[in-house]
Amino acid sequence: MPQQNNDTEHGDSTDHDLNHRERATLRAVSRGKAEITCSREPDLFVDGLACCDQATAARLARAGLIAPAHTGRPGQRVPAVLTDAGERALTPSLVSH
């Protein structure tokens, strides 16, 4: 079950603007192209390849915008999904593009 925690250490995740790379990463996750490792500092894989910006992936996970689709063993790759907050954060960029 995806995490639906919308609270972050920096306030609600929709309170800040996303940069281009963060929006692109969220779009890849929304299209079902991403996997995330089950770990405290998750790694993200897009189309089977390690994401070139793991710092962005970690920020999105910490902000509660992406999460594992279900639980797994530590280090296991599982599908990545957008949380409700991730859906809301991505919506404005979908409308403007």
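Report follows, based on the coordinates. (Residues numbered from 1 in each chain as written. Predicted model: local features only at pLDDT ≥ 70, side-chain atom pairs only at ≥ 80, totals over all residues. Heavy atoms only, no water.)

### With respect to the packing of helix α1 (residues 20-30) against helix α2 (residues 54-62)
Two numbers describe how α1 lies on α2: the axes approach to 10 Å, and their chain directions differ by 70 degrees. Comparing the axis directions of α1 and α2 gives the class roughly perpendicular. Taken together, the residues of α2 that come into contact with α1 (itself represented by R21, E22, T25 and L26) are T56, R59 and L60. Each residue belonging to the contact of α1 with α2 can be placed in one class, and the counts come to two nonpolar, two polar and three charged. (Axes fitted to C-alpha atoms, helices over the stretch in contact; angles between N-to-C directions. Helix = DSSP H or I, 4+ residues; strand = E, 2+ residues; numbered from the N terminus. Parallel < 35°, antiparallel > 145°, perpendicular 65-115°, else oblique. Contact = heavy atoms within 4.5 Å. Nonpolar A, V, L, I, M, F, W, Y, C, P; charged D, E, K, R; others polar.)

### Side note on the nonpolar core
In terms of nonpolar packing, the biggest core is built from 20 residues, with L26, L44, L65 and I66 touching the most fellow members. Among the elements of the structure, α1, β1 (34-37), α2, β5 (77-82) and α3 (84-96) are those that each provide at least two residues to this core. Once residues within four sequence positions are removed from consideration, L44 is found in contact with T25, A34, E35, I36, L49, A50, C51, Q54, A57, I66 and A80. (Core = buried A, V, L, I, M, F, W, Y, C linked by side-chain atoms within 4.5 Å. Buried < 20%, exposed > 50% of the residue type's maximum accessible area, 1.4 Å probe, protein only.)

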